[in-house]
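So the chains spell out like this:
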Amino acid sequence: MALPKEKPFTPRRASRFFRALINVISSGELRKVHFKYMSKGMEALDKKQPCLYLMNHSSFLDLKIAERIIPQRFSIVTTSDAFVGQRWLLRTLGCIPTTKFVTDVTLVRRMVYCFDTLKTSVLMFPEASYSFDGTATTLPEGLSKCLKLFGVPVVMVTTYGDFLCDPLYNGLQQRKVDVSATMEYVLSPEQIKDMSVDELNAELRRLFSFDNFRYQQENNIKIDEPFRADYLHRVLYKCPHCLAEGATVGKGTTLTCKSCDKTYELTENGFMKALDGDTEFDHIPDWYRWQRECVRQEIQDGSYRLDTDVDVIVMKDTKAVYRIGGGRLTHDINGFRLIADGGLDYQQPAKLSYSLYADYLWYEIGDVICIGTNEMLYYCFPRGGAPVAKARLATEEIYKIITAKK
């Protein structure tokens, strides 16, 4: 904590050489998934006109897809931990660091600098985190106000099959699924100016309304890999039969509750099917939505509380992340509190963030809950296997409750 703050920097134009190099490196992986894309209305975009590219966030393929299909030089809004140990490289690629789910005025200024001074476009993943259940994650309400401030056209990049090929929960095991994308000119500066903030928010929600499992089912995409349900308990952590939490285990093609022994198969077409008895939820997003409703009920009746031992890594600068030992992380209606080795006692009020940076197998270390601010980030790895998905759901529902009251 005593380390000096890093000096701020202004974004650079992305290097043409490094962008070409990334395209070469990525070409093999994109050929492997038979990647193709389609443009809609892009003739309305002047090639010299900077614009804001919005893209859904499904897997590690996203950036490779963006580099392939976006015709202009562009900067990329990137999570700050990606800069660790490679700050020079990411700056050369035109990346702009930000802290997920935290108000970042500096980010807005840097994006304006890209549009107005560098005359370059910006790529942004407004969901800020990979989808857990194959549907859109919570969007920041302030994004619509930013659109009005930027005054540039908006282009939407939507991927198909990307999540199915490499879902975050599956432990970096890729499936044989074709991947495609559409790139569509969706909002002109004039349209943005004429629309209200509420209308823009509604349009953004429409653009980010997708369901990857439904897409698989409707297009009869068969995923027959024998590991397709590995680690599915990261998403479906609560048994709908006996209501036990943290007892499900995803292995092979099935999800089994160790509390009641009920087993569900993840079929080749993306449905959940009970091997014995009724199937409470045959659609994974429906199961996940039910877990959200359960979490909200716990919050409302005062029974929700996360209390777990964690290993703690902190990020103060982009030179390294620092292991500081063990600690205790708690979470309730008031927010997070982390007490850890070295005298660390950090409290984060619930109103600070509308969602939570939770991730599976973060940099292949483990499932993580990340809290903090632009000054310091705390990466907490639960030792007892507490489901990080529940912590994200709880953070979002608590924020909704307290802001509604306000």
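Above this text you will find the structure in question.
One numbering rule holds for all chains: residues counted from 1, following each sequence as written. Totals for whole chains, interfaces and linings use all residues, but because this is a predicted model, local features are given only for residues with pLDDT of at least 70 and pairs of side-chain atoms are given and counted only at 80 or more. To get the side-chain values, all heavy atoms of the structure are used, and hydrogens and water are removed first.

J.: Please clarify how the packing of aromatic side chains should be interpreted in this entry.
T.: Two aromatic rings, taken as a pair, are described by how far apart their centres are and by the angle between their planes. Pairing of aromatic rings covers Phe, Tyr and Trp, the last counted by its six-membered ring, and requires centre-to-centre distances within 6.5 Å; plane angles under 30 degrees mean stacked, over 60 mean edge-to-face, and any other angle means tilted. This structure, assessed with the given rule, holds 17 aromatic pairs. Between Phe 17 and Phe 18, the aromatic rings sit 5.4 Å apart at their centres with planes inclined by 80°, giving edge-to-face as the arrangement. Of the residues examined, Phe 17 reaches a relative accessible area of 58% and is grouped as exposed. Geometrically, the ring pair formed by Trp 362 and Tyr 363 is edge-to-face, given 4.8 Å between the ring centres and 80° between the ring planes. On the accessibility criterion, Trp 362 (4% relative accessible area) is buried. Ring-pair connections join several aromatic residues into one group, and the members of that group are Tyr 357, Trp 362, Tyr 363, Tyr 379 and Phe 381. We note Lys 100 situated over the ring of Tyr 357; from NZ or CZ to the ring centre the distance is 4.1 Å. The criterion for a charge sitting over a ring is simple: Lys NZ or Arg CZ within 6 Å of the ring centre, and within 35 degrees of the ring normal. Looking at Arg 110, its charged tip hangs above the ring of Phe 9, at a distance of 4.6 Å from the centre. Relative accessible area decides the class of each residue, using a 1.4 Å probe on protein chains only: under 20% of the type maximum gives buried, over 50% gives exposed, and in between gives partly exposed.

J.: Could you clarify how one ought to interpret the pattern of salt bridges in this entry?
T.: Salt bridge, as applied in this entry: a Lys or Arg side-chain nitrogen positioned within 4 Å of an Asp or Glu carboxyl oxygen. Across all of its chains, the model carries 22 salt bridges by this definition. In this structure, Glu 203 engages Arg 206 in a salt bridge whose closest nitrogen and oxygen atoms are separated by 2.7 Å. Here Glu 203 and its partner Arg 206 are both found in helix α8 (residues 197–207), 3 residues apart, which amounts to about one turn of the helix. What makes Glu 203 buried here is its relative accessible area of 17%. Only DSSP runs of H or I with at least four residues qualify as helices, and only runs of E with at least two residues qualify as strands; both kinds are numbered from the N terminus onward.

J.: I'm lost on the side chain of Ser 129 in this one. Help?
T.: Structurally, Ser 129 is set in the loop between β5 (121–124) and α5 (143–150). Side-chain atoms alone can form a polar contact between residues adjacent in sequence; in general such a contact is a pair of N or O atoms within 3.5 Å, and within protein one must be able to donate a hydrogen while the other accepts it. Engagement of the side chain of Ser 129 in a polar contact is seen with the side chain of Arg 392, the distance being 2.8 Å.

J.: Please explain the layout of surface pockets as it appears in this structure.
T.: If a probe as big as a water molecule is rolled over the atoms, it shows which places are left empty. Roughly 620 Å³ of internal volume is contained in the second largest pocket. The residue inventory of the lining of the second largest pocket, partitioned by class, reads 7 nonpolar, 7 polar and 9 charged. Note on definitions: the grid is 1 Å and covers protein atoms alone; a cavity is a set of points where a 1.4 Å probe fits but cannot get out; a pocket is an open set with protein on both sides within 12 Å along at least five of seven lines; lining residues have an atom within 4 Å of a point. Grid points are joined across faces, edges and corners, and a volume is the space filled by probe spheres set on the points. Under this grouping Gly is polar, as are all residues other than the nonpolar Ala, Val, Leu, Ile, Met, Phe, Trp, Tyr, Cys and Pro and the charged Asp, Glu, Lys and Arg.

J.: Which parts of the structure should I look at to understand empty space enclosed by the protein?
T.: As enumerated under the stated definition, the model contains 4 cavities of 30 Å³ or more in all. Taken as a whole, the largest cavity spans an internal volume of roughly 120 Å³. Around the largest cavity, the lining is made up of 16 residues, and of these Thr 99, Lys 100, Val 102, Tyr 357 and Cys 370 lie nearest the centre. Per element, the largest residue contribution to the lining of the largest cavity is 3 residues, and it comes from strand β17 (residues 366–372). For the lining of the largest cavity, the per-class residue count stands at 7 nonpolar, 8 polar and 1 charged.

J.: Sorry if this is basic, but what is going on with the sheet that holds strand β14 (residues 335–340) here?
T.: Across a sheet, paired strands are connected by hydrogen bonds in the backbone, their directions being either parallel or antiparallel. We treat two strands as partners when DSSP finds at least two bridges between them. A sheet is described by the order of its strands in space; here 7 strands give the open sequence β15-β14-β13-β12-β18-β17-β16, paired in antiparallel fashion. What marks the edges here is a single partner per strand, and that holds for β15 (344–349) and β16 (357–362). Put simply, the sheet's adjacent strands are angled 30° from each other on average, direction ignored. Judged from the 6 bridges that link them, β14 and β15 form a sheet pairing that is antiparallel. Residue pairing across strands places Ala 340 opposite Leu 344, the latter belonging to β15. In this analysis an axis means a line fitted to C-alpha atoms, helices contributing only their contacting stretch, and an angle means the value between N-to-C directions, from 0 to 180 degrees.

J.: Can you walk me through the pairing of β16 in this structure?
T.: Across the 6 residues of β16, 5 count as buried, placing the element largely inside the fold. As paired elements, β16 and β17 share 4 bridges and run antiparallel to each other. Looking at β17, one finds that Trp 362 is bridged to Gly 366. Hairpin connection of β16 to β17: 3 residues between the antiparallel strands, including Tyr 363 at a positive phi of 45°.

J.: Is there a simple way to think about the packing of helix α1 (residues 16–32) against helix α2 (residues 62–69) in this case?
T.: Two numbers describe how α1 lies on α2: the axes approach to 9 Å, and their chain directions differ by 115°. In this structure, the crossing between α1 and α2 has a hand that is left-handed. Here Arg 19, Ile 22, Asn 23, Ser 26, Ser 27, Glu 29 and Leu 30 of α1 lie close against α2, whose contacting residues are Lys 64, Ile 65, Ala 66, Glu 67 and Arg 68. A per-class count over the contact of α1 with α2 returns 4 nonpolar, 3 polar and 5 charged. By definition, turning the near helix anticlockwise from the far helix through less than a right angle yields a left-handed crossing, and turning it clockwise yields a right-handed one. In this description, contact between two residues means that some pair of their heavy atoms is separated by no more than 4.5 Å.

J.: Looking at this model, I keep getting lost on the sheet that holds β5. Mind explaining?
T.: Judged by pairing direction, the sheet is mixed, and its 7 strands sit side by side in the order β1-β7-β6-β2-β5-β3-β4 without closing on themselves. Strand pairing shows two members of the sheet lacking a second neighbour, β1 (36–40) and β4 (95–98), which therefore form its edges. Between one strand axis and the next, the sheet turns by 20° as a mean value, whatever way the strands run. Pairing of strand β2 (residues 52–55) with strand β6 (residues 154–160) involves 4 bridges; the strand directions are parallel. Looking at β6, one finds that Met 55 is bridged to Val 157. Contacting β2, β5, β6 and β7 (180–187), α5 crosses the sheet at an angle of about 160° to β2.

J.: Help me understand the packing of helix α10 (residues 284–301) against helix α11 (residues 388–405) in this model?
T.: For any two helices packed against each other, one specifies the inter-axial angle together with the distance between the axes. Relative to each other, α10 and α11 sit at 55°, their axes nearing to 9 Å. One element, α10, and the other, α11, form an angle in the oblique class. Note that α10 runs across α11; the crossing there is right-handed. Across from Tyr 288, Gln 291, Arg 292, Val 295, Arg 296, Glu 298, Ile 299 and Gln 300 in α10, the residues of α11 making contact are Ala 389, Lys 390, Arg 392, Leu 393, Ala 394, Glu 396, Glu 397, Ile 398, Lys 400 and Ile 401. Considered class by class, the residues forming the contact of α10 with α11 number 8 nonpolar, 2 polar and 8 charged. Orientation categories follow fixed angle ranges, with anything under 35 degrees roughly parallel, anything over 145 roughly antiparallel, 65 to 115 roughly perpendicular, and all other angles oblique.

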